[in-house]
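One-letter residues, chain by chain:
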Amino acid sequence: MRPNIVTEAGLQTRVGQWWESIPFLTSVVVVVCGVIYLVCLLSGYDSFYEICFLPTAVVSHFQVYRIYTSILFHGSLLHVLFNMLALVPLGSELERIMGSIRLAYLIILLATTNAIFHLFIALLVAHNPFHPYPYLMNECAIGFSGILFSMIVIETSLSGVQSRSVFGLFNVPAKWYAFILLVVFQLLMTNVSLLGHLCGILSGFAYIYGLFNFLMPGASSFSAIEASSWLSSCVRRPKFILCTGGNPSSYIPTYSGQNTTSSGLLTGNIWRNLSSWMPQRETSAQAEQDYRFPGRGRSLGSGQSETVPAVNSDSNLQARLLDNSNPDLSSHLGVTATREPLLDGRSSVAGNAVGATLGRPALLQHPAPSEEQIQKLVSMGFDKTQVEVAISAADGDLNVAVEILMSQQG
């Protein structure tokens with residue numbers, strides 16, 4: 001009986017560690033959706049027609065609440081389980097980049113724009129003069145998957161990868177990844193909302209191309225919200241990530257290169273999440289490195305890291321690079337990335353200056369940032385001049401550039 005006890009304890013420990021690694025907002029969404037499903041299941045509530053996104057009800061009765069209730073309710077156990085397992089890697093990665101409050105605002109914004117796109121297309125198809133098709137006006141859509149498709153588009157754009165794997169079977173160009181998933185899921189599960197997923201993709205592309213810039217508050221607005229007294233209990237939690245990048249528990253995911261092939265977040269990461277729960281008989285002295293998020297910083301809720309001096313040094317370097325009073329300073333600095341092991345097994349990206357002495361030319365010549373790279377970060381609300389400097393300092397790596405910009409705002 002003793003081996004079984006050890007196995008059960010190992011599984012419980014792994015589940016606990018997996019849950020503690022999920023940032024604050026992502027874990028809140030998972031809990032809320034899970035609790036709502038359980039309450040509906042135990043109470044026998046199945047009148048989803050009252051809370052789903054129904055275009056005809058929104059138009060005729062102005063039931064705007066359906067825009068937000070529809071994303072929190074799910075129709076079956078597999079529905080909520082699959083969506084939440086897909087949300088964990090996607091939401092965790094974006095939350096560590098944006099911060100908890102900014103991601104919460106983004107989810108609300110995406111839910112709203114998804115509904116607007118959904119309503120517009122349904123009305124257009126139903127009232128077109130050539131072949132009216134009213135079915136879409138009466139389609140009842142529920143679930144978080146529309147937001148997930150938006151997140152897929154945004155995360156793929158930020159990652160900079162050129163291709164992604166679909167269920168480990170074949171690779172597709174990254175810009176077509178969301179559309180391929182749309183087709184695959186529609187073929188495998190005919191009862192899913194094609195229009196709801198398509199509108200999620202459209203909202204994701206609208207965000208990365210900067211069409212929502214005028215709707216995105218500045219960093220000072222998010223900082224004011226975080227400083228409010230009614231949110232203080234949440235901000236003090238170790239899993240909460242500040243939008244300003246000031247939370248030492250947060251870290252930005254980086255990638256080894258922009259031409260690497262990345263596995264699909266809805267496939268490989270879900271399997272890795274599940275397999276990470278499984279107990280192992282042997283453990284090594286060093287914690288296994290998590291290659292999904294090899295970014296800088298401590299793991300969530302961990303103690304003080306041994307690489308704090310390196311982090312502080314890097315922050316000083318970033319401050320000098322982004323100082324408006326020294327616009328030419330970046331031309332004298334060459335930055336390379338070195339990795340240092342952390343206590344939790346992740347690796348830390350610390351900027352080491354190559355030829356950082358002022359007046360001495362740098363040994364490395366950084367390529368000029370492309371307009372596409374600049375536009376991606378400008379669409380997130382950063383200043384264009386600082387974006388150009390940050391991308392050059394990061395040697396073209398958008399994730400490191402975001403890290404520099406977020407640290408400078410802090």
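Residues numbered from 1 in each chain as written. Predicted model: local features only at pLDDT ≥ 70, side-chain atom pairs only at ≥ 80, totals over all residues. Heavy atoms only, no water.

- In the nomenclature of an unreviewed UniProt entry, the chain is known as rhomboid-like protein 15 of Salix purpurea.
- UniProt's Subcellular location (unreviewed entry) comment on the chain is quoted here verbatim: "Membrane". (UniProt positions renumbered as here; feature names shortened; annotations may be inferred.)

1. Topic: the overall build of the chain
Logical step 1: The helix and strand tally for the chain stands at 16 helices and 5 strands.
Logical step 2: In the chain, buried positions account for 49% of the 410 residues.
Logical step 3: Restricting to contacts in the chain with at least 6 residues of sequence separation, those with at least 24 account for 72%.
Logical step 4: For the chain, the computed accessible surface area is about 20400 Å², with 62% contributed by carbon and sulfur atoms. (Helix = DSSP H or I, 4+ residues; strand = E, 2+ residues; numbered from the N terminus. Buried < 20%, exposed > 50% of the residue type's maximum accessible area, 1.4 Å probe, protein only. Contact = heavy atoms within 4.5 Å. Areas by Shrake-Rupley, 256 points an atom, 1.4 Å probe, with all protein chains shown as cover.)

2. Section: the packing of helix α2 (residues 24-43) against helix α5 (residues 77-98)
Logical step 1: At a closest axis distance of 8 Å, the pairing of α2 and α5 adopts a crossing angle of 170°. It follows that α2 is roughly antiparallel to α5 by the angle criterion. Contact residues: F24, L25, T26, V29, V30, C33 and Y37 in α2; L77, V80, M84, L87, V88, G91, S92 and E95 in α5.
Logical step 2: Partitioning the contact of α2 with α5 into residue classes produces 11 nonpolar, 3 polar and 1 charged. (Axes fitted to C-alpha atoms, helices over the stretch in contact; angles between N-to-C directions. Parallel < 35°, antiparallel > 145°, perpendicular 65-115°, else oblique. Nonpolar A, V, L, I, M, F, W, Y, C, P; charged D, E, K, R; others polar.)

3. Some points on unusual backbone geometry
Logical step 1: At F62, a position not held by glycine, the phi torsion is positive, near 55°.
Logical step 2: The topology assignment puts F62 in the loop between α3 (55-61) and α4 (66-72).
Logical step 3: You will see that D395, though not glycine, has its phi angle at about 60°, which is positive.
Logical step 4: Position of D395 among the secondary structure elements: in the loop between α15 (384-393) and α16 (398-409).

4. Focus: the environment of S165
Logical step 1: Locating S165 in the fold gives a position in strand β1 (residues 163-166).
Logical step 2: Judged by relative accessible area, which is 11%, S165 ranks as buried.
Logical step 3: Residues S165 and Y177, 12 residues apart in the sequence, show an inter-C-alpha distance of 8.3 Å.
Logical step 4: Within the structure, S165 has its side chain in polar contact with the backbone nitrogen of G168 (distance 3.1 Å). (Polar contact = N/O pair within 3.5 Å; in protein donor to acceptor, adjacent residues only side chain to side chain.)

5. Notes on the packing of α15 against α16
Logical step 1: With their axes 8 Å apart at the nearest point, α15 and α16 run at an angle of 125° to one another. The angle between α15 and α16 places the two elements in the oblique class. Between α15 and α16 the crossing geometry is right-handed. Across from Q386, V387, A390, I391 and A393 in α15, the residues of α16 making contact are L398, A401, I404 and L405. (Left-handed = near helix turned anticlockwise from the far one by under 90°.)

6. Details of the UniProt feature "transmembrane region" (unreviewed entry) in the chain
Logical step 1: UniProt feature "transmembrane region" (unreviewed entry): in the numbering of this structure it lies at residues 21-45, 65-91, 103-127, 133-154, 166-188 and 194-215.
Logical step 2: The distance separating the terminal C-alpha atoms of residues 133-154 is 31 Å; by composition the span is 45% helix and 0% strand.
Logical step 3: Taken as a whole, residues 194-215 contains 68% helix and 0% strand, while its terminal C-alpha atoms sit 27 Å from one another.

7. Here we look at a nonpolar patch on the surface
Logical step 1: A cluster of nonpolar side chains, contributed by F167, L169, F170, L188 and M189, occupies part of the molecular surface with about 520 Å² of accessible area.
Logical step 2: In this structure, F167 sits in the loop between β1 and β2 (170-173).
Logical step 3: The exposure class assigned to F167 is partly exposed, which follows from its relative accessible area of 35%. (Patch = residues over 30% accessible without salt bridge, like charges linked within 9 Å, V, L, I, M, F, W, Y side chains within 5 Å. Salt bridge = Lys/Arg side-chain N within 4 Å of Asp/Glu carboxyl O.)

8. Section: the nonpolar core
Logical step 1: Among the nonpolar cores identified, the biggest contains 62 residues, and F144, M151, I154, Y207 and L377 are the most heavily contacted of them.
Logical step 2: Sort the elements by how many residues they give to this core and α5 lands first, with 9 residues.
Logical step 3: When neighbours within four sequence positions are excluded, Y207 is seen to be in contact with M98, L106, I154, F212, M216, S379 and M380.
Logical step 4: I121, A126, L136 and L195 belong to the second largest nonpolar core, which has 7 residues in total. (Core = buried A, V, L, I, M, F, W, Y, C linked by side-chain atoms within 4.5 Å.)

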